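Fold and contact review
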Amino acid sequence: MSQLMQRKVCLLGDFAVGKTSLVRRFVYNKFEADYLATIGVNVSRKEVTLPQETAPRLALVLWDLAGGETFTKMEEAYYRGGAAALLVADVTRPETFAILNTYATTFMRINPGAILAFAFNKCDLLQDLAPAQAQAEQLAAR
C-alpha cells in the first residue's frame, strides 16, 4: 500500500463567492442553493487517488476561510503551511475579482513555494461569459 501524503489547501475569496459550495460538492458530492456564511474557518478532508500507480495517496485538508474580512494576524495563521490556495471569484459580481490579488499576495508571502489556482464560480448564471472570461484571463496573467 502506498504512503499517505497530506496537503493543506486554502480556499480564498470574498464572501458569498461559493467557496463552501465548492468544498461540499468536492468532499460530499452535495450542492445546496442556500447561502451558508462561514465564520472563521471550516476544515474538511478528502482523500484522492492519483492516476499514477506508484503515486502516494493524497489527503487534501481543505481550509474554507471566511471572506470579506480584513487581513489579520489570525488570518495569516490560517494560511501558514498551505501547499496551495484556490482563489475563488463570483462571475456575477465582477468586484470579487479585484480582492484576489490581495489574497494571493498575502498567501504567497506566507507560503512562497505554494501553488495558486483560480476558480471563477457561478458561470451557469450568466448569459454572456465573455466579459468575465476576459477579466479572469487578465487576473491570471498577473
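Below, the structure is looked at part by part. (Residues numbered from 1 in each chain as written. Predicted model: local features only at pLDDT ≥ 70, side-chain atom pairs only at ≥ 80, totals over all residues. Heavy atoms only, no water.)

The subject of this paragraph is the packing of aromatic side chains. Going through the model one piece at a time under the given rule, you end up with 4 aromatic pairs. Summarising the aromatic geometry, the rings of F118 and F120 are spaced 5.9 Å apart at their centres and angled 5 degrees between planes, so their arrangement reads as stacked. Grouped by ring-pair contacts, the aromatic residues F97, F118 and F120 constitute a single cluster. The side chain of K46 reaches across the aromatic face of F26, ending 5.1 Å from its centre. Over the aromatic face of F15 sits the side chain of R93, whose NZ or CZ is 4.9 Å from the ring centroid. (Phe/Tyr/Trp six-rings, centres within 6.5 Å; stacked < 30°, edge-to-face > 60°. Lys NZ or Arg CZ within 6 Å of the ring centre and 35° of its normal.)

It is worth spelling out the pattern of salt bridges at this point. All chains considered together, the criterion is met by 6 salt bridges. Among the salt bridges present, the one from K122 reaches D90, with a minimum N-O distance of 3.1 Å. Within this pair, whereas K122 is found in the loop between β5 (115-121) and α4 (130-141), its partner D90 is found in strand β4 (residues 82-90), the two being separated by 32 residues in sequence. Given the relative accessible area of 2%, D90 is considered buried. Ionic pairing is found between E95 and R93, a salt bridge with its closest N-O pair at 3.6 Å. Because the salt bridges share partners, they merge into one network encompassing D90, R93, E95 and K122. (Salt bridge = Lys/Arg side-chain N within 4 Å of Asp/Glu carboxyl O. Helix = DSSP H or I, 4+ residues; strand = E, 2+ residues; numbered from the N terminus. Buried < 20%, exposed > 50% of the residue type's maximum accessible area, 1.4 Å probe, protein only.)

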